[in-house]
Amino acid sequence: MLERYSTAASTYAHWIDYQFLLIAVLVGFWLIVAEAVMFWLIFKFRATDGRPTQYITGEEKHQTRWITIPHVLVILCDIVIIVPAILVWYNIKQVMPPADATVRVIGQQWAWSFQMPGPDGVLDTADDIRTVGEMHVVVNTTYHFELVSRDVVHSFAIPAFRLKQDALPGRTISGWFRPNRVGTYDIQCTQMCGLGHAMMAGRIVVETQQDHAAWLLRNSNPATAAQQAPPASANEGLTTMAEARR
Ligand SMILES: [Cu+2]
């Protein structure tokens, strides 16, 4: 249902959408009930000539029921929300399905850069492809990503995948996604990371195996790739933005 308003392009996007829908429906129901009861009470017990104000302590049983019954019902609704929320969290953030490929995502003030495996399909080898602001992946392929930050806290977000993960300096954070729809989607930084935060946009191109092979061919340079030594670690292997744009 939410797909009508925001494209869903990963296998777990609909899990997040259902969770949001569940919360919206349950919270929305109680919002309407609470507002309706409040306005009903306001009109029913409005000031009337000759009717004295009642002094209600709220201690009698028929009065406390107004609190306890909705209270129990709201707690039941909380359980209905929390149980699937934990399952969704577990399946997206705690479990990593086997990867078909691994990519590295680097956040820095103020751009995303990417290190993707070259034709050999293996990361941290001489034929890796490095880009700034644009990532290329194959549809229906499970990717692990290694997320690092060069400076401050950033947050790597692909709204169409319903993916969001903070990038912390000094740490490599792993995650996964499996795009299931060909297209070009926004990449954002969703953590205020300095003056240029708003410029920190990128895009991810989800393409077929054939299109990806053609892209690899266009962007691979066997002559220079052969000269590059494999980087020893994530941070040492990073190119500068200027290098990557060449
Ligand atoms: Cu940022």
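No experiment lies behind these values; they were computed from the predicted model shown. (Residues numbered from 1 in each chain as written. Predicted model: local features only at pLDDT ≥ 70, side-chain atom pairs only at ≥ 80, totals over all residues. Heavy atoms only, no water.)

### Quick look at the overall build of the protein chain
Regarding its fold elements, the protein chain presents five helices and ten strands. Residues counted as buried form 35% of the 246 residues belonging to the protein chain. Residue pairs at least 24 apart in sequence account for 67% of intrachain contacts in the protein chain once pairs closer than 6 positions are excluded. (Helix = DSSP H or I, 4+ residues; strand = E, 2+ residues; numbered from the N terminus. Buried < 20%, exposed > 50% of the residue type's maximum accessible area, 1.4 Å probe, protein only. Contact = heavy atoms within 4.5 Å.)

### Some points on helix α2 (residues 61-94)
Taking 1.5 Å as the rise per residue, α2 with 34 residues should run 50 Å; its terminal C-alpha atoms sit 46 Å apart, in good agreement. Looking at α2, one finds that the buried residues are Gln-63, Cys-77, Ile-81, Val-88 and Ile-92. (Expected span 1.5 Å × (residues − 1).)

### Describing the sheet that holds strand β8 (residues 173-177)
Strand order in the open sheet made by the five strands is β3-β2-β1-β5-β8, with mixed pairing throughout. Each of the sheet's edge strands pairs with one partner strand only, and the pair in question is β3 (129-132) and β8. Taken pair by pair, the neighbouring strands of this sheet meet at an average axis angle of 25°, ignoring direction. As judged from the five bridges shared by strand β5 (residues 143-149) and β8, these two strands associate in the antiparallel manner. Within β8, the residue paired with Leu-147 across the bridge is Ile-173. (Pairing = 2+ DSSP bridges. Axes fitted to C-alpha atoms, helices over the stretch in contact; angles between N-to-C directions.)

### Looking at the pairing of strand β2 (residues 111-116)
Counting buried positions along β2 gives six out of six residues, so the element sits mostly inside the fold. Residue alternation in β2 divides its side chains into two sets, Ala-111, Ser-113 and Gln-115 and Trp-112, Phe-114 and Met-116, and both sets are buried. In this antiparallel pair of consecutive strands, strand β1 (residues 101-108) and β2, the connection spans two residues. As defined by bridge partners, β2 adjoins β3 across four bridges and the pair is classed as antiparallel. Directly across from Ser-113, in β3, lies its bridge partner Val-132.

### Some details on the sheet that holds strand β7 (residues 163-167)
If you trace the five strands from one edge of the open sheet to the other, you get β4-β10-β9-β6-β7, paired in mixed fashion. Looking at the sheet topology across the chains shown, the edges are occupied by β4 (134-138) and β7. Neighbouring strand axes in the sheet, compared pairwise and without regard to direction, differ in orientation by 20° on average. Taken together, the five bridges between β4 and strand β10 (residues 202-207) define a ladder with parallel strand orientation. Each residue of the ladder has a partner; that of Val-137, found in β10, is Val-206. Sitting on the sheet, helix α3 (residues 209-219) touches β4 and β10, and the angle it makes with β4 is about 135°.

### Quick word on α3
Listing the buried residues of α3 in full gives His-212, Trp-215 and Leu-216. All buried residues of α3 lie within an arc of 100° about the axis, which places them on one face of the element. The outward face of α3, more than 90 degrees from its buried face, is lined by the exposed residues Gln-210, Leu-217 and Arg-218. Residues of α3 that are buried in the fold lie against β2, β3, β4 and β10. (Arc of directions from axis to C-beta.)

### A word on unusual backbone geometry
Along the chain, Gln-109 connects to Trp-110 via a cis peptide bond; the corresponding omega equals -5°. Assignment of secondary structure puts Trp-110 in the loop between β1 and β2. One non-glycine residue, Asn-140, lies in positive phi territory at about 55°. Note that Asn-140 resides in the loop between β4 and β5. On the accessibility criterion, Asn-140 (45% relative accessible area) is partly exposed.

### Regarding the coordination of the copper ion
Bound to the copper ion are the protein donor atoms His-154 (ND1), Cys-189 (SG), Cys-193 (SG) and Met-200 (SD), situated 2.1 to 2.5 Å from the metal. Angles of 95 to 124° at the metal separate the four donor atoms of the copper ion, which places the site in the tetrahedral class. We note that the donor set of the copper ion lies within a single chain, spaced as H-x34-C-x3-C-x6-M. Of this pair, His-154 sits in strand β6 (residues 154-158) while Cys-193 sits in the loop between β9 (183-189) and β10, and the two are 39 residues apart along the sequence. We note that His-154, like Cys-193, is buried. (Donors = N, O, S within 2.8 Å, 3.2 Å for Na, K, Ca; no water. Tetrahedral: all angles 85-135°; square planar, octahedral: opposite > 155°, others 65-115°.)

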